[in-house]
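Report on the structure
Listed here are the chains, written in short residue letters.
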Amino acid sequence: MAMARASSGLQYPERFYAAASYAGFDGDTNSTLKSLTSKFSKESAALLYGLYQQATVGACNIPEPNSWKVFEHTKWKSWSGLGNTSPTEAMRLFVKILEEDDPSWYSRASNFVAEPVVDVQMNHISKVEPVVENGNSFPETKTISTENGSLTETQDKDIVVEGLGSVAVYDQWIAPPISGQRPKARYEHGAAVVQDKMYVYGGNHNGRYLNDIHVLDLRSWTWSKIEAKAGAESLESPSPVTFAPCAGHSLIPWENKLLSIAGHTKDPAESIQVRAFDLQSNTWSPLKTYGKAPVSRGGQSVTLFGTSLVIFGGQDAKRTLLNDLHILDLETLTWDEIDAVGVPPSPRSDHAAAVHAERYLLIFGGGSHATCFNDLHVLDLQAMEWSRPTQQGEIPTPRAGHAGVTVGENWFIVGGGDNKSGVSETVVLNMSTLVWSVVTTVQGRVPVASEGLSLAVSSFNGEDVLVSFGGYNGRYNSEVNVLKPSHKSTLQSKIIETPVPDSVAVHNATNATRDPESEFEAGQEGKIREIVMDNVDSEPVKSNGEQSNIHLVATLKSEKEELESLLSKENMHSLQLKQELSEAENRNTELYKELQSVRGQLAAEQSRCFKLEVDVAELRQKLQTMETLQKELELLRRQKAASEQAALNARQKQGSGGMWGWLAGTPSSENTDDA
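The present account deals with the structure reproduced in this document. (Residues numbered from 1 in each chain as written. Predicted model: local features only at pLDDT ≥ 70, side-chain atom pairs only at ≥ 80, totals over all residues. Heavy atoms only, no water.)

**What to know about the packing of helix H3 (residues 42–56) against helix H4 (residues 70–80)**
- Where H3 contacts H4, the axes come no closer than 8 Å and their chain directions differ by 60 degrees. Here H4 runs oblique to H3, going by the angle between their axes. Crossing angle aside, the handedness with which H3 passes H4 is right-handed. Contacts between H3 and H4 involve Ala46, Leu47, Tyr49, Gly50, Gln53 and Gln54 from the former and Thr74, Lys75, Ser78 and Trp79 from the latter.
- Broken down by class, the residue content of the contact of H3 with H4 amounts to 4 nonpolar, 5 polar and 1 charged. (Axes fitted to C-alpha atoms, helices over the stretch in contact; angles between N-to-C directions. Helix = DSSP H or I, 4+ residues; strand = E, 2+ residues; numbered from the N terminus. Parallel < 35°, antiparallel > 145°, perpendicular 65-115°, else oblique. Left-handed = near helix turned anticlockwise from the far one by under 90°. Contact = heavy atoms within 4.5 Å. Nonpolar A, V, L, I, M, F, W, Y, C, P; charged D, E, K, R; others polar.)

**Focus on the pattern of salt bridges**
- Counted by the stated rule, this structure contains 11 salt bridges.
- Between Lys75 and Glu72 there is a salt bridge, with its nearest N and O atoms 3.6 Å apart. Here the residue Lys75 and the residue Glu72 both occupy positions in helix H4, the gap between them amounting to 3 residues, near one helical turn.
- Using a relative accessible area of 35% as the deciding quantity, one classes Glu72 as partly exposed.
- One salt bridge connects Arg186 with Asp212, and the closest N-O pair in it is separated by 2.8 Å. Note that Arg186 is positioned in the loop between strand S3 (149–150) and strand S4 (190–193) and Asp212 in strand S6 (residues 208–217), a separation of 26 residues in sequence.
- Accessibility expressed as a relative area gives 16% for Asp212, which makes it buried. (Salt bridge = Lys/Arg side-chain N within 4 Å of Asp/Glu carboxyl O. Buried < 20%, exposed > 50% of the residue type's maximum accessible area, 1.4 Å probe, protein only.)

**Let's talk about the environment of Glu14**
- Summarising the element assignment, Glu14 is placed in helix H1 (residues 14–23).
- Under the relative-accessibility criterion, Glu14 is labelled partly exposed at 43%.
- Residues Glu14 and Met91, spaced 77 residues apart in sequence, show a C-alpha to C-alpha distance of 9.8 Å.

**Focus: the layout of surface pockets**
- Approximately 490 Å³ is the volume attributed to the second largest pocket.
- Around the second largest pocket, the lining comprises 18 residues; the ones closest to its centre are Lys42, Glu43, Ala46, Leu47 and Ser78.
- When residues of the lining of the second largest pocket are traced back to their parent elements, those giving at least two are helix H2 (29–39), H3, H4 and helix H5 (87–101).
- Of the residues in the lining of the second largest pocket, the class split is 10 nonpolar, 5 polar and 3 charged. (1 Å grid on protein atoms, 1.4 Å probe; cavity = no way out; pocket = protein on both sides within 12 Å on 5 of 7 lines; lining within 4 Å. Points joined across faces, edges and corners; volume = space filled by probe spheres on them.)

**A look at the sheet that holds strand S8 (residues 229–230)**
- With mixed pairing, 5 strands are arranged side by side in an open sheet as S8-S12-S11-S10-S9. Strands with a single pairing partner mark the edges of an open sheet, and in this sheet they are S8 and strand S9 (250–254).
- Inspection of the sheet shows strand S11 (residues 274–278) paired to strand S12 (residues 283–286) by 4 bridges, in the antiparallel sense. When the bridges of S12 are listed, Asp278 appears paired with Thr283. (Pairing = 2+ DSSP bridges.)

**So, the packing of H3 against H5**
- H5 packs onto H3 with a crossing angle of 150 degrees between their chain directions and a minimal axis gap of 8 Å. The orientation of H3 with respect to H5, classified from their angle, is roughly antiparallel. At the point where H3 passes H5, the crossing takes the left-handed sense. Residue-level contacts link Ser44, Leu47, Leu48, Leu51, Tyr52, Gln54 and Ala55 of H3 to Pro87, Ala90, Met91, Leu93, Phe94, Ile97, Leu98 and Asp101 of H5.
- In the contact of H3 with H5, the residues fall into 12 nonpolar, 2 polar and 1 charged.

**Concerning H5**
- Between its terminal C-alpha atoms H5 stretches 21 Å, which fits the 21 Å expected from 15 residues at 1.5 Å a residue.
- Summarising burial for H5: 11 of the 15 residues are buried, a large majority.
- Where H5 is concerned, the buried positions are Glu89, Ala90, Met91, Arg92, Leu93, Phe94, Val95, Lys96, Ile97, Leu98 and Glu99. (Expected span 1.5 Å × (residues − 1).)

**Comments concerning the packing of aromatic side chains**
- Within the structure shown, the criterion is met by 13 aromatic pairs.
- Lying across the ring of Trp284, Arg275 places its NZ or CZ 5.8 Å from the centre.
- The ring of Tyr170 carries Lys484 above its face, with NZ or CZ at 5.3 Å from the centroid. (Phe/Tyr/Trp six-rings, centres within 6.5 Å; stacked < 30°, edge-to-face > 60°. Lys NZ or Arg CZ within 6 Å of the ring centre and 35° of its normal.)

**Observations regarding H1**
- Summarising burial for H1: 8 of the 10 residues are buried, a large majority.
- Along H1, the residues that are buried comprise Arg15, Phe16, Ala18, Ala19, Ala20, Ser21, Tyr22 and Ala23.
- Directly after H1, the chain includes Gly24, whose backbone phi takes a positive value near 115 degrees.

**Considering the nonpolar core**
- By size, the foremost hydrophobic cluster in this structure holds 22 residues, and its most contacted members are Phe16, Phe25, Leu36, Leu51 and Phe94.
- Put simply, the parts of the chain that give this core at least two residues each are H1, H3 and H5.
- The dominant element in this core, judged by the number of residues it contributes, is H5, at 7 residues.
- Not counting the four nearest positions on each side in its chain, Phe16 is found in contact with Tyr52, Ala55, Thr56, Met91, Phe94 and Val95.
- The next biggest cluster of nonpolar side chains, apart from the first, holds 20 residues, and it includes Ala191, Leu218, Trp221 and Val482. (Core = buried A, V, L, I, M, F, W, Y, C linked by side-chain atoms within 4.5 Å.)

The structure is reproduced here in structure tokens:
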């Protein structure tokens, strides 16, 4: 069946059906799985089959086939392993795996599928146009609403008309007046700000990896493209080196260079590649690193910590999720694999990471093949110890593919999705108090509610501005949006309204949050580490007087009841697990006894078998002796018969008479008379 091509404007489920048609799903799943193994690896083919069945039929409810039916059992195992994954999640994962295995599927599919017609322009949002009032020129922020989404209408005229200075309102996403040739729409790209310029490199567009570099001047809001050149690698390889397109990499500014770390490519290397782009000469060159480099991957987090890069997690070329930890010293270019103590985050990719107080690495969210997370993990980079602190405030929903930047001690998280829809809230975490709050919420399908977008921070006149670009929310985006966070939004805390401390310490606190893949961690009754304030003002909170205190007490009581309820559930779950463990141990004991009995029977049978073999050997020896005796007896019988025959012949000759008989002795008649 002919289906529409999965272009940037094609939404689900049409996008999934286009990908399925390209992969070869024509209704006969038996022949399809066999044909898939000729295009993809066995693991990918089985996973694509399972996801297709989950998306079109639902959860697997057929009985497990016999294990000797290898083909049928492989199909069943791939399908049933998805559990209760929703059809929407299965569709998205199907397309994602196809794009990773065959990035050029869109261009190949274009030969036989039709381009869809897009009736509605999705992401037309705020445009800034100059307004003349009393002889002075001011930009007036306007909102262009569409059927699928819009941003909040804003207007502020008391501003400076220059680049970031034109961002007049606080805590709202707006679209600045961009000029120049925009980069191609993309997601999973890298972005970094250096001296009022935002550089964008690589990414994924319609399943194709990109390797172009664009720069946005944040003073004039003008895009331009950089014609990058390939530099010589080293004395060992003096010829120019070209770089393959990539996506899911990390772009880090360092000195006068941009470092591109890891990322998915069509032909991945065995280990992570580090490349440097010189901003003065516009040349790429690979960096030769030392030590054991991590396995190649994409979707990892790379965080600058002093003069080192901290790399965590991601997904390798075989789509295996990782949770390993590595550090690259940028001064010596030496890799070091870290074996931290404590319980690390579960394997994941497309998460966010940040460093706080030059000591703590925070990991938030991310996803596996079928689930997204909203857990928060902290690594003490001095003690190299993992902990999972208690989050407070308006805890964000599970998400993956989000982006984050830090402004002081505040960590802003934007975008992402949960395999069903994009996240519309922009949230901020106070990394000293671990209190979440919502900065703003966008309406409908807009670029900042996308997966795989980039987020950078720049400053103008002492004020910070967040700049987002690209992403995927049913279509690939190339829009730029900016948000100026207010002091209130960056410092607010709806639960703990106390002054922000100057330092932080690590104390013990009971964990109260969990994610689906590490639920067992929350059931532990031990203590975990939590970042809390060292120097909290001891003065009582006076805002709103007694009502504020009453509200705080009520909130704490509610939290206490919730924690007690969770603890009760975890205790019941722990008791149930203990009972199951006891039953398993009993079964193990019985099976061990049965095994010992079988071993005894086997030993007895082996002994009996040995005796029988001895008896058989003796009988064989006796049989050989009997055969020899039989031959001797037969020989004696023949000798006896010959002797008897000779005697008979002699008697016959004597009884014949005649002259010869007389000459030989007494005549026969006389012999007879004598007898």
